[in-house]
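Close look at the chain arrangement
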Amino acid sequence: MSSVDLSVDLGRGLLLPNPVMTASGTFGYGEEASQYFDISKLGAVVVKGISESPRQGNPPPRVVETPSGMLNSIGLQNVGVEAFIAEKMPFLRDAGARVIVNVLGSTVEEYARVCKRLDAVEGISALEINISCPNVKEGGVQFGMKKALAAGLVKVLRELTGRHLMVKLSPNCGDIAGMALAVQDEGADSVSLINTITGMEIDVATRRPVLGGMMGGLSGPAIRPVALRMVHEVYNAVRIPVVGIGGIMEGRHALQFLIAGAQAVQVGTATFTDPLAPLRILETLEDYLREERIALPDLVGSLNTGSL
Ligand SMILES: Cc1cc2nc3c(=O)[nH]c(=O)nc-3n(C[C@H](O)[C@H](O)[C@H](O)COP(=O)(O)O)c2cc1C
């Protein structure tokens with residue numbers, strides 16, 4: 001059987017052997033999953049969001065199943081940048097995985113300090129900037145909700161790192177194509193979307209919110225049509241690569257995102273029900289390209305909008 005070229009070049013040194021990554025927060029730091037498969041087979045591992053200091057996260061319950069998806073309010077729990085570098089990076093490096101570090105912060109200065117610290121660390125392929133974080137100096141409004149805040153953040157980070165900057169967009173911002181353009185104009189190398197959609201669940205017996213953090217982020221199949229629409233809108237608006245995320249459970253879904261314009265995809269919630277989902281998805285993708293005799297770059301954005 002002829003082999004298919006699955007490699008993707010997302011620019012500024014981010015060259016991946018294939019377009020299937022794991023999504024931040026759903027794959028930890030890669031250690032648990034490596035019991036099930038060789039994580040170097042993934043396009044890349046996107047690790048749990050890293051802040052300057054360790055964070056405890058929100059009170060439990062932190063996850064609840066919802067129709068065709070789940071709500072989580074983990075609350076940005078993580079080990080902090082120093083422990084990540086000392087305790088998590090050696091494993092990922094030894095495993096031969098491409099590592100994308102998801103970065104979060106409460107101020108522009110915190111993001112900058114974390115990125116600067118990571119800049120000196122070997123074995124990191126890119127930084128994914130999670131702008132769905134409350135900005136303490138702006139009264140808690142998320143960076144990802146206002147174009148000026150997001151653009152200002154990317155401008156600062158662009159000046160301090162030569163690393164590939166992937167900016168992860170929030171679906172809660174209203175104008176996601178405008179947001180993508182704003183971060184592109186300040187030097188983002190790619191955009192990934194979507195992060196979770198804000199939601200809540202209520203227990204009628206107690207009339208209390210089900211999640212300890214009250215509100216949570218909706219992920220899984222329920223958000224896929226929204227994510228697909230946003231990926232397509234952003235693809236039509238920007239010239240930088242787009243990475244598609246949201247409810248990808250099987251290969252067919254990844255194909256939908258590529259056809260909508262994504263050059264690569266991330267798989268999140270699916271790994272909770274099947275840790276091998278990213279590899280299954282990769283296999284389907286490879287079979288499709290072989291059977292359809294189409295090269296990966298030709299599939300990207302190949303949505304047929306002609307009349308039926
Ligand atoms: C439990 C959980 C934790 C997450 N943590 C992060 C995070 O730390 N940083 C981030 O940018 N996205 C985080 N996300 C969002 C996912 O990376 C992804 O964007 C979202 O879940 C949609 O993809 P999916 O439907 O395939 O899960 C988290 C999602 C879940 C379910």
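Please refer to the structure higher up on the page.
The following refers to the structure shown. (Residues numbered from 1 in each chain as written. Predicted model: local features only at pLDDT ≥ 70, side-chain atom pairs only at ≥ 80, totals over all residues. Heavy atoms only, no water.)

With that settled, the discussion passes to helix α1 (residues 81-94). In a regular helix each residue adds 1.5 Å, so 14 residues correspond to 20 Å; α1 covers 19 Å between its end C-alpha atoms and thus fits that length. Bending of α1 peaks at approximately 45° at the position of Lys88, with proline Pro90 no more than four residues after it. Here α1 has its buried residues at Val81, Ala83, Phe84, Ile85, Lys88, Met89 and Leu92. On the buried face of α1, the contacting elements are β4 (44-50), β7 (99-103), α2 (108-119) and β8 (124-130). At the exit of α1 stands Gly96, carrying a positive phi of roughly 75°. (Helix = DSSP H or I, 4+ residues; strand = E, 2+ residues; numbered from the N terminus. Expected span 1.5 Å × (residues − 1). Bend = angle between axes of the 7 residues up to and from the residue. Buried < 20%, exposed > 50% of the residue type's maximum accessible area, 1.4 Å probe, protein only. Contact = heavy atoms within 4.5 Å.)

Another point: the site of the ligand. Taken together, 23 residues lie near the ligand, and Ser24, Lys168, Gly220, Gly247 and Thr269 sit nearest. With respect to the ligand, the backbone of Gly268 contributes an N or O atom lying 3.0 Å from an oxygen atom. When the ligand is considered free in solution it has 610 Å² of accessible area, and contact with the protein chains removes 96% of it. Secondary-structure elements contributing two or more residues to the shell around the ligand are β4 and β6 (69-72). Its residues assigned to classes, the shell around the ligand comprises 6 nonpolar, 15 polar and 2 charged. (Near = heavy atom within 4 Å. Polar contact = N/O pair within 3.5 Å; in protein donor to acceptor, adjacent residues only side chain to side chain. Areas by Shrake-Rupley, 256 points an atom, 1.4 Å probe, with all protein chains shown as cover. Nonpolar A, V, L, I, M, F, W, Y, C, P; charged D, E, K, R; others polar.)

Next up on the list: the sheet that holds β7. Here 8 strands make up a closed barrel; going around it, the order is β3-β4-β7-β8-β9-β10-β15-β16 and the pairing parallel. Strand-to-strand twist in this sheet, taken as the mean axis angle between neighbours without regard to direction, amounts to 25°. Where β8 lies against strand β9 (residues 164-168), 5 bridges are found, and the strand directions are parallel. Its bridge partner being in β9, Asn130 is matched across the sheet by Lys168. (Pairing = 2+ DSSP bridges. Axes fitted to C-alpha atoms, helices over the stretch in contact; angles between N-to-C directions.)

Across the 7 residues of β4, 7 count as buried, placing the element largely inside the fold. Pairing analysis gives 2 bridges linking strand β3 (residues 20-22) to β4, with the strands arranged parallel. Along β4, the bridge assignment pairs Thr22 with Val45. With 4 bridges connecting them, β4 and β7 associate as parallel partners. Bridge pairing links Ile50 to Val103 in β7.

Another aspect to go through is the nonpolar core. In this structure, Met21, Phe84, Val101, Leu118, Ile129, Leu169 and Leu193 are the most contacted members of the largest nonpolar core, which totals 91 residues. By residue number, the principal contributor to this core is helix α8 (residues 277-292), which donates 6 residues. Among all residues touching Leu169, those that are not within four sequence positions of it are Ile131, Ile176, Met179, Ala180, Val183, Val191, Ser192, Leu193, Ile194 and Asn195. (Core = buried A, V, L, I, M, F, W, Y, C linked by side-chain atoms within 4.5 Å.)

Backbone hydrogen bonds hold the strands of a sheet together, and the pairing may be parallel or antiparallel. In spatial order, the strands read β5-β6-β14-β11; together these 4 strands make up an open sheet with antiparallel pairing. Two strands in the sheet have a free side with no partner beyond their single neighbour: β5 (63-66) and β11 (197-199). In this sheet, adjacent strand axes meet at a mean angle of 35° when their direction is disregarded. Note: β11 against strand β14 (residues 216-219), 3 bridges, orientation antiparallel. Its bridge partner lying in β14, Ile197 is registered against Leu218.

Moving on: the pattern of salt bridges. One pass over the full model with this rule turns up 14 salt bridges. When the shortest N-O distance is used, the salt bridge between Glu110 and Arg55 registers 3.7 Å. Taken together, the residues Glu110 in helix α2 and Arg55 in the loop between β4 and β5 connect sequence positions 55 residues apart. For Asp189, the salt bridge is made with Arg158, and the minimal N-O distance between the two is 2.8 Å. Of this pair, Asp189 sits in the loop between α4 (176-185) and β10 (190-193) while Arg158 sits in helix α3 (residues 147-160), and the two are 31 residues apart along the sequence. Judged by its relative accessible area of 11%, Asp189 falls in the buried class. Here the salt bridges share partners, and the residues they tie into one network are Arg12, Arg158 and Asp189. (Salt bridge = Lys/Arg side-chain N within 4 Å of Asp/Glu carboxyl O.)

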